[in-house]
Amino acid sequence: MGCGSSSKNVVITSTSAVSVDITANAALSNPNMSTTTAVSNSNTTKILIANHTTQQTISERLKQGLIDQSLQCYLLNEITPKSLDVRAKTIQWCDVFIVIISRLYQRTVFCMEALNYAKDQRKPIIAVLAEPTFRPYGALGAIVATAIHSTILSEDSSFVHIVSEITNCARTQIKPKANNVNVKDPSQINETVVNTILPSGSSTCTVLICTADDGIAVAQLILDSLTATQPSVIIENLSKPNATCSVTKCTVLVAILTPQLEQIWLSQAVFEQARLLGKPIVPVMAIKKWRPEGWLGLIIAGRIFFRIFDQETAYKPFYDSNRITDLRVEIEIACQPIPSEIEREEIEKKAIQKELDECKTKLSTWPPPQKSRRVNLNKVKQPVRIQLPEPHADGYFDHTHHSITRMSFKAPPALLDQYGLPKRRPLDCMISYQWDKQELVRQIYEDMHMRNVQVWFDIWGSMQGSTNDAMATGVECAKVIVVFLSKAYIESTNCQLEFRYAIQRGKAFIILRTESGIIMEQWMLEAIEGFPQYDVYTYNTLEQSINGVPMIDVIVQAIRLLAQAQLPDSIDDCSSELFELRTLLDDARNALSEQTGKTRYRICTRCGQQYDDYSKDGCKKHAEYFLGGGGLMEDQWVCCRQQTADSPGCRPCEHIDQPREFITNSQGCSGWKPA
């Protein structure tokens, strides 16, 4: 993903009310925010514990333990504090952000919003993993991979140990810093909550554009661009006297972010209501060299936003697109109805329960023996390293570059699982780079596409909603991470986040050095040890040959071979209830296999991976024939330019266990039977 200097997998608390909690001038009285005996010394490390309310007891015990160590400590969950302003100021106040990780924290939008904001504020993060069968994924997994310390809560006796670890970490690794903004101690923040009625507009619309006076020109620009595809679009200026807002009656809220909007009390009420109703929010940054830091910064934390300042920036070509077109696509996607997480899980639960009922009738004993699902969260997954063959070509093997656009190739079809639900699509590789190298990256991406390599590339990778979630999903789906290494990459916080998460998930690497003199830290050197590295300072380098093979084909072959060798990366993206059903079904399938004497798992004769009847996807076959037998052209597969008959396939398919035979016809064209 390119790194510069509304998630669909979350649980959203909804309400039909139009009353909003706004802070008034009175002292805070929230018990979750009290320090009890905490010291108010400015030199004391300030700690904020973030949790889902289901883990409140754990957080309270941890808080008291830290207070006993003379540390300042407060709690934050998805419910309290209620005010956006106070939530933002509390996160700004802390020196350390402790996150209690659980399935519900992962799936609750207000929890993830706070974590993303802490990451944007560059707060040191300490992770406490509270569920032994859950490994975090997505934005949570990625951010936690960069934590300064992680610990596992396994039993009551570990509380003392955890308090000691965190106290030691807070005192030795973190120095209290003075905030650049005027942030009070949370106990002094004014948050007596007053129930305020949001002045509700009368307009029902699909897209509501909210703005202040200093964003009205950009709002009108966006309105004009949407009228052809979105017949129901309105602008509401919150700066006007007696302004109203129709946020309760819209489908998508497009927010024009400006300094004036951040200062208007009504705009905070509008965003509060949009959050409570689960309205998709599409942010547009309308002022140059400005970014919100307070409550508005909390709202957009981790979200994809669009920088549109005027007509020129809106329509300035960006390869085959422009910012206003990308914004329009984002809005159109946000307008589409999406089943809630609960609705989607109900479909799978019914299907699993039906199969469980069948298993009960077949098994002699019920329930079946249980297999342990405890996750060793301290152990980093290891990628598979292989010895790559030396490239070699006897015949003519050239390199021709083809430029492509999003209009010149067909997008991959959406995949559905056995329950008719969307599933993650396995990819050969993900491109990880710093934006200064985007022109070079794009050219190499085009070459990969022409060779049928399945690649995740951020500007063509369905980036919607959350940047951190989109990046993390790309890492999780990819078998190999292709890193375009530069000095700017090493210095980029977001690139570091991406790289560390790839290590955490046990991904293989291919390193393309785009400049000389790059100095890497030891932990990065250890991660890429044993993986191929190439110097690609300019695009022309790819035309140079290694033993007769163009460098781009050497790189692509390395991607394919490494990808085929990697084990599947399973993601536990479900509720606790669904997880229990999945594990019960897996145990039942194991029991049926043992009872019938049939081996459950088989080895694919095409790729060598293990699979069963319930996990047949993940293999690849060649889409065309192998052209061999000598001549002027080098032997190669027509579909992907690979040189050997047993090269990994290039088109996704199911695993097989039938014997295969390599057959050549009278025209000299060869292929595998079955393919």
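For the structure itself, consult the block above.
Now for a description of the structure that goes with this document. Just so it is clear, the model here is predicted, and its values are computed rather than measured. Note that residues are indexed from 1 along each chain, following the sequence as it is written. Confidence filtering applies because this is a predicted model: local features only for residues at pLDDT of at least 70, side-chain atom pairs given and counted only at 80 or more, and all residues used for totals across whole chains, interfaces and linings. Only hydrogens and water are set aside; all other atoms, that is, all heavy atoms of the structure, feed into the side-chain values.

1. Quick look at the overall build of the chain
Each helix corresponds to a stretch of at least 4 residues labelled H or I by DSSP, and each strand to a stretch of at least 2 residues labelled E; elements are numbered beginning at the N terminus. A count of helical and extended segments in the chain gives 20 helices and 28 strands. Expressed as a percentage of its 675 residues, the buried residues of the chain come to 53%. Residue-level accessible areas treat just the shown protein chains as cover; the underlying method is Shrake-Rupley with a 1.4 Å probe. Total accessible area on the chain is roughly 30,700 Å²; 50% of this is exposed by carbon and sulfur atoms. Each residue's exposure class comes from its accessible area (1.4 Å probe, protein chains only) as a fraction of the maximum for that residue type: buried when under 20%, exposed when over 50%, partly exposed otherwise.

2. Looking at the packing of aromatic side chains
Aromatic ring pairs are described here by two measures, namely the spacing of the ring centres and the angle between the planes. For this analysis, a ring pair means two rings from Phe, Tyr or Trp (six-membered ring only for Trp) whose centres lie within 6.5 Å, classed as stacked if their planes differ by under 30 degrees, edge-to-face if by over 60, and tilted for the remaining angles. Using the criterion set out here, one finds 14 aromatic pairs in the structure. On the basis of an interplanar angle of 20° and a centroid distance of 4.7 Å, the ring pair of F499 and F509 is categorised as stacked. Separated by 10 residues along the polypeptide, F499 in helix α17 (residues 493-504) and F509 in strand β17 (residues 508-513) bring together distant segments of the chain. For the pair F499 and F509, one class covers both residues: buried. Grouping aromatic residues by their ring pairs yields a cluster made of Y489, F499, F509, W523 and F531. Sitting over the ring of F110, R275 keeps its end group 4.0 Å from the ring centre. One residue, R589, lies across the ring of Y614, its end atom 3.5 Å from the ring centre. Charge-over-ring contacts are defined here by two conditions on Lys NZ or Arg CZ: a distance within 6 Å of the ring centre and an angle within 35 degrees of the ring normal.

3. With respect to the sheet that holds strand β28 (residues 669-673)
The four strands are arranged β25-β24-β28-β27 in an open sheet whose pairing can be described as antiparallel. Lying at the two open borders of the sheet, with one neighbouring strand each, are β25 (636-637) and β27 (661-664). Bridge analysis of strand β24 (residues 626-627) against β25 gives two bridges, and the strand direction is antiparallel. Note on β25: the bridge partner recorded for L627 is Q636. Two strands pair if DSSP finds at least two bridges between them.

4. A closer look at the sheet that holds strand β13 (residues 306-307)
Pairing is parallel across the open sheet formed by five strands, whose spatial order is β10-β9-β11-β12-β13. Edge positions in the open sheet fall to β10 (233-237) and β13, since each of these has one partner strand only. Both strand β9 (residues 207-211) and strand β11 (residues 252-257) contribute to a ladder of four bridges, which runs parallel. Within β11, the position partnered with L208 by the bridge is L253.

5. Re the pairing of β27
Taken residue by residue, a regular strand's side chains alternate between the two faces of the sheet. Sheet topology note: the β27/β28 ladder contains four bridges and is antiparallel. Following the sheet pairing, E661 is matched in β28 by K673. What sits between the antiparallel neighbours β27 and β28 is a turn of four residues, in which G668 has the positive phi angle 85°.

6. Considering the side chain of Q643
Topologically, Q643 is positioned in the loop between β25 and β26 (651-654). In this structure the side chain of Q643 is engaged in a polar contact, spanning 2.7 Å, whose partner is the backbone oxygen of H392. Within 3.5 Å is the distance limit for a polar contact, defined as a pair of N or O atoms, with the added protein rule that one can donate a hydrogen and the other accept it, and that residues adjacent in sequence qualify only through two side-chain atoms.

7. Some words on the pattern of salt bridges
We count a salt bridge whenever a side-chain nitrogen from Lys or Arg sits within 4 Å of a carboxyl oxygen from Asp or Glu. The final tally for this structure, using the stated rule, is 29 salt bridges. Its salt-bridge partner being R275, residue E113 comes within 2.7 Å of it at the nearest N-O pair. Placement of the pair is E113 in helix α4 (residues 109-120) and R275 in helix α9 (residues 265-277), with a sequence separation of 162 residues. Judged by relative accessible area, E113 falls into the buried class, the value being 7%. In this structure R275 comes out as buried when scored by relative accessible area, which is 7%. Two residues, R602 and D657, come together in a salt bridge whose shortest N-O distance is 3.0 Å. Taken together, the positions of R602 in strand β21 (residues 602-603) and D657 in the loop between β26 and β27 put the pair 55 residues apart, joining distant regions of the chain. By relative accessible area, which is 23% here, R602 ends up partly exposed. Assessed through its relative accessible area of 37%, D657 is described here as partly exposed. The network of salt bridges with common partners includes K371, R373, D586, D587, R600 and D612.

8. Some details on the state of the cysteines
Disulfide: a pair of cysteine sulfur atoms within 2.5 Å of each other. Enumeration over the complete set of coordinates arrives at zero disulfides. Not part of a disulfide, C639 finds its nearest cysteine sulfur in C650, a span of 3.5 Å.

9. A word on helix α6 (residues 158-172)
Take the number of residues in a helix, subtract one, and multiply by 1.5 Å to get its expected span. In this model, α6 (15 residues) spans 21 Å end to end at C-alpha, consistent with the 21 Å of a helix rising 1.5 Å per residue. Where α6 is concerned, the buried positions are S158, F159, I162, V163, I166, T167, C169 and A170. If you follow the buried residues of α6, they end up packed against β3 (46-50), α1 (56-67), β5 (96-101), β6 (125-129) and β7 (149-152). Whether two residues are in contact is decided by their heavy atoms: any pair within 4.5 Å suffices.

10. A look at the nonpolar core
To define a nonpolar core, start from buried Ala, Val, Leu, Ile, Met, Phe, Trp, Tyr and Cys residues and group those joined through side-chain atoms within 4.5 Å. Counting residues in hydrophobic clusters, the biggest one holds 125 residues, and the most contacted among them are F97, F271, I444, M448 and F509. Among the elements that line this core, the one with the most residues is helix α19 (residues 551-565), at nine residues. Filtering out sequence-adjacent residues up to four positions away, F97 remains in contact with L48, A50, I91, Y105, A114, L115, A118, K123, P124, I125 and I126. Residues V207, V233, I256 and I308 belong to the second largest nonpolar core, which totals 24 residues.

11. Describing the packing of α1 against α6
One way to put it is that α1 packs onto α6 with a least axis distance of 10 Å and a crossing angle of 55°. Judged by the inter-axis angle, α1 sits oblique to α6. Considering only the axes of α1 and α6, their crossing is right-handed. Across from I58, R61, L62, G65 and L66 in α1, the residues of α6 making contact are F159, I162, V163, I166 and T167. Only Asp, Glu, Lys and Arg are considered charged in this grouping, and only Ala, Val, Leu, Ile, Met, Phe, Trp, Tyr, Cys and Pro are considered nonpolar; every other residue, Gly among them, is considered polar. For the contact of α1 with α6, the residue count by class is seven nonpolar, two polar and one charged. Lines are fitted to the C-alpha atoms to define the axes, a helix being fitted only along its stretch in contact, and any angle between axes, read from their N-to-C directions, falls within 0 to 180 degrees. Each angle is binned into one of four classes, with values under 35 degrees roughly parallel, values over 145 roughly antiparallel, values of 65 to 115 roughly perpendicular, and all other values oblique. Two helices cross in a left-handed way if the nearer one is turned anticlockwise from the farther one by less than a right angle. They cross in a right-handed way if the turn is clockwise.

12. Concerning the packing of helix α2 (residues 84-93) against α4
Two elements in contact, α2 and α4, have axes whose closest approach is 10 Å; the angle formed by their N-to-C orientations is 40°. Overall, the two elements α2 and α4 adopt an arrangement that is oblique. Here α2 runs over α4; the crossing is right-handed. Contacts between α2 and α4 involve L84, R87, A88, I91 and Q92 on the former and, on the latter, F110, E113, A114, Y117 and A118. For the contact of α2 with α4, a count of residues per class yields seven nonpolar, one polar and two charged.

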